[in-house]
Amino acid sequence: MNGIESALDFFAAMTIFSPLALAFFMLLAFVFQIKLPEKIIALVVELSVFIALAGILGLVSLFLSNGVKKWGYEPFPTFHLESFHFDFQFYFDWLSLSFATLALLLCFVIAFFSQRYMHREPGYQRFFVLYAIFVSGIVIASLSGTIESLFVGWEMVGLSSALLVAFFHERIMPTRNGLHLWIVYRISDAALFLASYLLHHALGQGFFQAILEQGSEGLANEVSSPVLVGAGVLIFLASACKSALFPFSGWLPRAMEGPTPTSAIFYGALSIHLGAFLLLRLNPIVQLSPILAWTVVFFGLLTALVSGIIANAQTDIKSILAYATLTQVGIIIAEIGFGLELLPLIHIIGHASLRTYQFLRAPSSFAYYKSLEESLGRTNLNKYTPKGKIAQTGPLSLAIYSFALNRGGMDSMLEKFITKPFVQMFKLADIFEKKWGSMLAGIDPSKTKNQEERS
Amino acid sequence: MNYFFFLEASMLICLLGALISSLAKSQEKIRFITIYSSFFSTLCAFASYLGFYFSYQGYITLSEFNAPLPALSSLLYFVVLLCTPRTKFIGADKPFPSNLLLLSQTLSLLICSSSNNSTLFLLLALEPLIPLVDLIRRGERIQIFLIHWVPTWLIALTLAFANSLPMELTGILLSLMVVIRMGIFPGHTWIVYLTEKCSFTIALLFITPMAPILIILKNNQLLHDTHASIYLSWFAIASIFYFAGLTLVQRSLRNFFTYLCLALSGMVVLGVCSHEALQLTAAFSLRNSLWVALIGMAIVVRALEARHGRLSLFQNHGFYESTPMLGIAFLVCGLGCVGFPGTSAFISFEMLADEIIPSSPFFGMVIVFSEALISISLLMVYFKLFCGKKVEWSDIFKVRLREMIALWIIIFLIFGFRFLPLTDIVTTHHNLEKSGTQHPH
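Keep in mind that what you see is a predicted model, and the values were worked out from it rather than measured.

Reading the values: the criteria
- The residue count restarts for each chain, going from 1 along the sequence in the order it is written.
- Chains carry letters from A onward and ligands carry numbers from 1 onward, assigned in written order.
- With pLDDT at 70 or above as the cut-off, local features in this predicted model cover only qualifying residues; side-chain atom pairs require 80 or more to be listed or tallied, and sums for whole chains, interfaces and linings still use all residues.
- Strands are runs of DSSP state E lasting at least 2 residues, helices are runs of H or I lasting at least 4, and numbering of each runs from the N terminus.
- It is over C-alpha atoms that the radius of gyration is taken, and the globule rule equals 2.2 Å times the number of residues to the power 0.38.
- In this scheme every C-beta is placed from the backbone, and a residue whose C-beta has 20 or more other C-beta atoms within 10 Å is buried, one with 12 or fewer is exposed, and one in between is partly exposed.
- Whether two residues are in contact depends on their C-beta atoms, placed from the backbone: they are in contact if these lie within 7 Å.
- Where each domain starts and ends follows an automatic or database-derived domain assignment.
- As a per-residue quantity, pLDDT reports the predictor's confidence and falls between 0 and 100.
- Charged means Asp, Glu, Lys or Arg here, nonpolar means Ala, Val, Leu, Ile, Met, Phe, Trp, Tyr, Cys or Pro, and polar covers whatever is left, Gly included.
- The nonpolar core criterion groups buried Ala, Val, Leu, Ile, Met, Phe, Trp, Tyr and Cys residues into a set whenever they are joined through C-beta atoms within 7 Å.
- All axes are obtained by fitting lines to C-alpha atoms, using only the stretch in contact for helices, and the reported angles, taken between N-to-C directions, cover 0 to 180 degrees.
- What sets the label is the angle itself: under 35 degrees gives roughly parallel, over 145 gives roughly antiparallel, 65 to 115 gives roughly perpendicular, and the rest give oblique.
- By convention the crossing between two helices is left-handed if the near helix lies anticlockwise of the far one by an angle smaller than a right angle, and right-handed if it lies clockwise.
- For a helix, the expected span equals 1.5 Å multiplied by the number of residues minus one.

Observations concerning the overall build of chain B
A count of helices and strands for chain B gives 21 helices and 0 strands. Taking 22 Å as the expected radius of gyration for a compact globule of 441 residues, we find that chain B reaches 21 Å, a close match to that expectation. Within chain B, buried positions represent 62% of all 441 residues. Restricting to contacts in chain B with at least 6 residues of sequence separation, those with at least 24 account for 81%.

In structure tokens:
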């Protein structure tokens, strides 16, 4: 192994293990109920994210200075047992490096912001435990070289996101919204799990490098290309759930229940783009079938259109930003569907940075508006504020407005046609179970019912 | 001194403990005897495991499946007894079944270390007598228990003593026994009744080990040859989906726990219905991981019930602020149950799904979907129990040191179980292959 290779491995280890060590340390303290002082937590978090950031910047500089195009890093030996293998590998190329740099840079900013924003919050330590899991998850997901390691990162991001939405857990609404997010994310996880199996079945392994090197033309020649298209559909479903595409958009405004730093970094900047990143990473599979590619374009544009309309009718700053974010994500997904690679990446980086700034400024928007008003004067400011024209428009505009105000009715539609019948079916089964059990036990069912009602 | 001495000593200590605790009059003494008998039995079981490990040659094991099982079983019994609140022993309305628990520990040790088919059938038939005695002691009805268990006892005795049964009949009888003992749909009603009416400690130690898995593994070839495994796998898949769905709509915490156990048991049974060594390995490893995770979850459920009585899932309780340790343990054990990355069940679950999908994509999809349902219901119950309400702190909420130690042991096992020697998947695989070649029938 020459010097450059050793340096690449060293920087790769710095990038990956620093957030993992942070997560381990925070979890350990949490499980052993050791209450760490705020200053220690802030120091450890900033230090570890800084080390990871330094690692990724070191890798970027080595790539640029030595003309390295790609690099694989395997920290653990592959687990092989007969036909089963679990490859936990990392793959560095222009896409993974760009996304991981963006992720770590934003996480570093948020670490600084959060230590002041969350100051004296009772759940300060819990917040940073979840933050550490999220950072580890996003680093693993963005740098993963196989579908298995991506799945690990994907799940870590999902769990930490759901628990962060429910961060203010003494109120009931954050927990409901956290659960809603978790349900959508679990559908996404299930789809990715099945996709990972199909990829293994079709290609014999789940290495991204092999998929990227073959390209869509090479993959089309594979005997198992129909299976690959099936994997592509599942990957798109996983991405659609993670990136809140139509009709799964309902979780995004709900996710704003969490603390502002998490809304900014997770739902506004990173988590929401993770689905787009997955599609971009596995674009050769998406492009394998023109129908699938056009489906991606269609859902991307539909999401952009619907979110654009909904954003105009929202009444709180976080919801407006959430739907504005979604509009751009829809366009990014459409770009990926068109087979573009560089443009969606630039779009992701620019958009994520802008939204992080906007979300972080959201809580102080009133103060910002007030200072603007004081500087410009009320009359001058009114020139720049939108005029209310709803009352003057016709029934079509009102219908669109109503549609936007109800957020497209997506949540109620999913609840009416999927969730409710499903839950109702099991409620009936439960009633039957209770009656059957009482009958076999020789207990009067009405007595059991009365006892339950009393409890 | 070989490792068998320690193994026998661990069983003897439990038996003696059960006998002395039955004769003791003072409740404080009973508590002392129960906990220390379990502790010394665990020490002996570990000594036997270490003795085995250091004299370890090749892949020949204590039983032909896995050497650490008696030690693991003892440890889990000890952990459960360790964190049993003092109030359960002293001053409770209904006497705590200490002697029954020690007897149950002895039986569990025997089952884990038994290598003979007939002995296993007899032990599996003896095991349910413990919850039955507890039900009688508590003055509960035993009708539902007898409806299920009288035929099962007959089957177990037939299988243990009849040598010249036709193969097909043996396969059917064995499947029937497994369906009832594991609570596979539709033979599950008695388990729901048991967890509601029996002492929760007895019930959880009876359900979570999924003891019949050992007998399925030993008779895997027979089940395969008679096609009984096909019928069993269809019942198992129905169970997984049905019980996973039922966890979503439960209104009582105890029922939720029962259906969670039943859904996960179905997953393990489905795994062992195969003849492939890889799938068997995945199922057996999954069973060991789930055993630990379910015991951990049961400890949390019991700790909450000890403080607040039976808990309904109608409303939010907001226990997190008062008992954060229980919240963390519930979440960790829940994640351990669904094979979240990093937990010991992760690779086993991945391997199981990976093996099942090629033979039956439908089964594979149901497993993945049911696992998603279970994880949704777990987080839902976590939110119901620990979030959504502000509760004023009181001294009764305080998690005692012994409970903390018990939960730390469980959390360590959930994350580090795979790193213990001989619990490794590769070794389990070799053991199963070896036992498969040595004992085809």
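Overview of the overall build of chain A
Along the backbone of chain A there are 19 helices and 4 strands. At 24 Å, chain A has a C-alpha radius of gyration in line with the 23 Å of a compact globule built from 455 residues. Projected onto the principal axes, the alpha-carbon positions of chain A cover approximately 80 × 75 × 55 Å. Counted over contacts in chain A with a minimum sequence separation of 6, partners at least 24 positions apart contribute 77%.

Here's the deal with the domain arrangement of chain B
Examined at the domain level, chain B breaks down into domain 1 (1-115) and domain 2 (116-438). Measuring from the centre of the C-alpha atoms in domain 1 of chain B to the corresponding centre in domain 2 of chain B gives 20 Å.

Examining the confidence of the model for chain B
All names here are of chain B. Averaged over every residue, the pLDDT of chain B is 85; residues scoring 70 or more account for 92%. Low confidence marks residues 57-61, where pLDDT is under 50. Its contacts with residues over four positions away, or in another chain, come to 6 contacts. Scored below 50 in pLDDT, residues 437-441 shows 6 contacts in the model against residues more than four places distant or in partner chains. With a pTM of 0.92, the predicted complex shows an ipTM of 0.91.

Considering unusual backbone geometry
The omega torsion of the bond from F246 of chain A to P247 of chain A falls at 5°, within 30 degrees of zero and hence cis. Turning to its location among the elements, P247 of chain A is positioned in the loop between α8 (225-242) and α9 (251-254). Following F185 of chain B, the chain continues into P186 of chain B via a peptide bond in cis, with omega recorded as 10°. Along the chain, P186 of chain B falls in the loop between α9 (167-182) and α10 (189-197).

Section: the interface of chain B and chain A
Across the boundary between the two partners, chain B contributes 45 residues, which contact 41 residues of chain A. If you list the elements that add at least two residues to the side of chain B that touches chain A, you get α8 (143-161), α10, α14 (228-248), α17 (324-337), α18 (345-359), α19 (361-386) and α21 (425-438) of chain B. For the side of chain B that touches chain A, the element with the most residues is α19 of chain B, which contributes 9 residues. Residue classes in the side of chain B that touches chain A are distributed as 29 nonpolar, 9 polar and 7 charged.

Concerning the domain arrangement of chain A
Domain parsing of chain A yields domain 1 (1-145), domain 2 (163-405) and domain 3 (412-454). Taking the mean C-alpha position of each, domain 1 of chain A and domain 3 of chain A sit 47 Å from one another.

Focus on the nonpolar core
The biggest cluster of nonpolar side chains holds 307 residues, and the ones touching the most others in it are L279 of chain A together with A329, C337 and I410 of chain B. Element by element, the count of residues in this core is highest for helix α16 (residues 277-308) of chain B, at 20 residues. The residues touching I410 of chain B, leaving out its near neighbours within four places in the chain, are V79, V292, I295, G296, I299, A329 and C333 of chain B.

Let's talk about the environment of E213 of chain A
Residues and elements named next belong to chain A. Mapped onto the secondary structure, E213 falls in helix α7 (residues 208-220). Take E213: there are 11 C-beta atoms within 10 Å of it, and that puts it in the exposed class. Distance from E213 to V135, taken between C-alpha atoms, is 29 Å for residues 78 residues apart in sequence.

Description of the packing of helix α1 (residues 3-31) of chain A against helix α4 (residues 124-143) of chain A
Residues and elements named next belong to chain A. Interaxial distance between α1 and α4 falls to 9 Å at its minimum, and their mutual angle equals 150°. Classified by the interaxial angle, the pair formed by α1 and α4 is roughly antiparallel. As α1 packs across α4, the resulting crossing turns out to be left-handed. Between α1, through T15, I16, P19, L20, L22, A23, M26, L27 and F30, and α4, the contact on the second element is made entirely by Q125, F128, V129, A132, I133, V135, S136, V139 and L143. Grouping the constituent residues of the contact of α1 with α4 by class yields 15 nonpolar, 3 polar and no charged.

Points about α9 of chain B
All names here are of chain B. Given a rise of 1.5 Å per residue, 16 residues ought to cover 22 Å, and the 22 Å separating the end C-alpha atoms of α9 matches this to within 8%. Buried residues in α9 make contact with α6 (117-126), α8, α12 (212-218), α13 (220-225), α14 and α15 (253-272). Positive backbone phi, at 70°, marks G183, one or two positions downstream of α9.

Things to note about α4 of chain A
If you check α4 of chain A, its first and last C-alpha atoms are 29 Å apart, about what 20 residues at 1.5 Å a residue would give, namely 28 Å. By the criterion of burial, α4 of chain A is predominantly enclosed, with 19 of the 20 residues buried.

Brief notes about the packing of helix α2 (residues 38-66) of chain A against α4 of chain A
Residue and element names in this part refer to chain A. Between α2 and α4, the least distance of the axes is 11 Å, while the angle of their chain directions is 10°. Between α2 and α4, the interaxial angle falls into the category roughly parallel. Between α2, through E38, I41, V45, V49 and A52, and α4, the contact on the second element is made entirely by Y124, Q125, F128, Y131, V135 and V139. Partitioned by chemical class, the residues of the contact of α2 with α4 number 9 nonpolar, 1 polar and 1 charged.

A word on the environment of A228 of chain B
Residues and elements named next belong to chain B. On the secondary structure map, A228 appears in helix α14. For the pair formed by A228 and G171, sequence separation is 57 residues and the distance between their alpha carbons is 5.6 Å. Not counting chain neighbours up to four residues away, the residues in contact with A228 comprise G171, I172, L174, S175 and L223.

A short note on the environment of T247 of chain B
All names here are of chain B. As for its position among the elements, T247 is in helix α14. By C-beta crowding, T247 is classed as buried, having 25 other C-beta atoms within 10 Å. With 118 residues separating them along the chain, T247 and L129 place their C-alpha atoms 28 Å apart. Excluding residues that lie within four positions of it along the chain, T247 makes contacts with F256, Y259, L260, A263, I374 and S377.

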